[in-house]
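Chain by chain, the residues run as shown.
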Amino acid sequence: MKKYFYVITIQYLGYRFHGWQKQPDVKTLHLMVDRTLNFILDGKRFKSLSSGRTDAMVSAECAAFELFLSEPLEDLHSFLGLFNYNLPQDIRALDIKEVDAKFNIINHSKIKEYLYLFTFGEKCHPFCAPIMTTILDDLDIELMKEGAKLFQGEHYFKSYCFKPTDNGIYNREIITCEIVENDIYTANYFPKQSYVLRVKGKGFMRNQIRLMMGTLIDLGKGKLTLEDIKHSLQQDVFVKMEYIAPASGLILNHIEFE
């Protein structure tokens, strides 16, 4: 039987979801996507497979999943409109395109860009909570910018994997890692100044960016030094990092399939 393959890009606010992957008795993004697909496909058989799993409360500007069908979609534009009409308001489908059987959304080479939005020094409006982390202590932002640059390039990242094993692949390359002032997200209830950690690479391990962000926050507080970060990235070194930054500040910004 012939099969049909489609890639759908979506964006979502992850604050009320327990991540992407389906889990018993909790609301996840995959559950809501599949529930909507089941309704608009009127019970026809389908399968959906994500390009990667985001953790609870993590948001996405542009995520992607592959849809497998035994019957073709007649009008992609109409399907996308119907899909959006029935999705909850904190999930939106952006685009759909047909791909061939050779495409595999998990194994296909891709580059991901993540953003981590944060501010410091004052209690923020509660409406900031879904996408911005607030650190009440003072932070040395210039020192944190120096620290972020240390992650860029090829390094041994075992210290930045949650519960690493002895047989993981920890030599990885980060294409971009920088802290810049936030001019991407604005609102009248945002603090006067906020910042973004921007990280771009081919593959990230569990909680890697949140561990990197937590390390930079501890650097900004004076709990760690630049030498501590340099040491943690040396070959075969493992340092248990104490602080994993909150999930709600993390946003999957872009996926680029090569």
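Look up: the structure comes first, before these words.
Basis of the calculations
- Residues numbered from 1 in each chain as written.
- Predicted model: local features only at pLDDT ≥ 70, side-chain atom pairs only at ≥ 80, totals over all residues.
- Heavy atoms only, no water.
- Helix = DSSP H or I, 4+ residues; strand = E, 2+ residues; numbered from the N terminus.
- Buried < 20%, exposed > 50% of the residue type's maximum accessible area, 1.4 Å probe, protein only.
- Polar contact = N/O pair within 3.5 Å; in protein donor to acceptor, adjacent residues only side chain to side chain.
- Patch = residues over 30% accessible without salt bridge, like charges linked within 9 Å, V, L, I, M, F, W, Y side chains within 5 Å.
- Areas by Shrake-Rupley, 256 points an atom, 1.4 Å probe, with all protein chains shown as cover.
- Salt bridge = Lys/Arg side-chain N within 4 Å of Asp/Glu carboxyl O.
- Lys, Arg positive; Asp, Glu negative; His and termini not counted.
- Charge placed at Lys NZ, Arg CZ, Asp CG, Glu CD.
- Contact = heavy atoms within 4.5 Å.
- Phe/Tyr/Trp six-rings, centres within 6.5 Å; stacked < 30°, edge-to-face > 60°.
- Lys NZ or Arg CZ within 6 Å of the ring centre and 35° of its normal.

K.L.:
What should I look at first to understand the environment of Lys 230 in this one?
P.N.:
Summarising the element assignment, Lys 230 is placed in helix α5 (residues 226-232). By relative accessible area, which is 37% here, Lys 230 ends up partly exposed. Between the C-alpha atoms of Lys 230 and Phe 127, which are 103 residues apart in sequence, the distance is 36 Å. Within the structure, Lys 230 has its side chain in polar contact with the side chain of Glu 227 (distance 3.3 Å).

K.L.:
What should I look at first to understand a positive patch on the surface in this one?
P.N.:
A grouping of Arg 53, Lys 163, Arg 206 and Lys 240 is seen on the molecular surface, where their side chains present a positively charged patch. The topology assignment puts Lys 240 in the loop between α5 and β10 (250-257).

K.L.:
How do you make sense of the environment of Leu 29 when you look at a structure like this?
P.N.:
When you line up the elements, Leu 29 lands in helix α1 (residues 29-40). Taking the C-alpha atoms as reference points, Leu 29 and Phe 68, separated by 39 residues in sequence, lie 18 Å from one another. If near-sequence neighbours (up to four positions away) are discounted, Leu 29 is found in contact with Tyr 12, Phe 17, Gly 19, Trp 20, Thr 54 and Ile 91.

K.L.:
Help me understand the packing of aromatic side chains in this model?
P.N.:
Aromatic rings in a pair are described by how distant their centres are and how their planes are angled relative to each other. Within this structure, the stated rule accounts for 13 aromatic pairs. On the numbers, 5.7 Å between centres and 85 degrees between planes, the contact of Phe 5 with Phe 68 is edge-to-face. Of this pair, Phe 5 sits in strand β1 (residues 4-12) while Phe 68 sits in strand β3 (residues 59-69), and the two are 63 residues apart along the sequence. The exposure classification of Phe 5 matches that of Phe 68, with both residues buried. Between Tyr 114 and Phe 204, the ring centres sit 5.6 Å apart and the planes meet at 90 degrees, which makes this aromatic pair edge-to-face. On the criterion of sequence distance, the pair formed by Tyr 114 in strand β5 (residues 110-120) and Phe 204 in the loop between β9 (195-201) and α4 (208-221) is long-range, its members being 90 residues apart. Through pairs of rings, three or more aromatic residues link up here, namely Trp 20, Phe 65, Phe 79 and Phe 83. The positively charged end of Lys 158 is found above the aromatic ring belonging to Phe 238, 5.8 Å away from the centroid.

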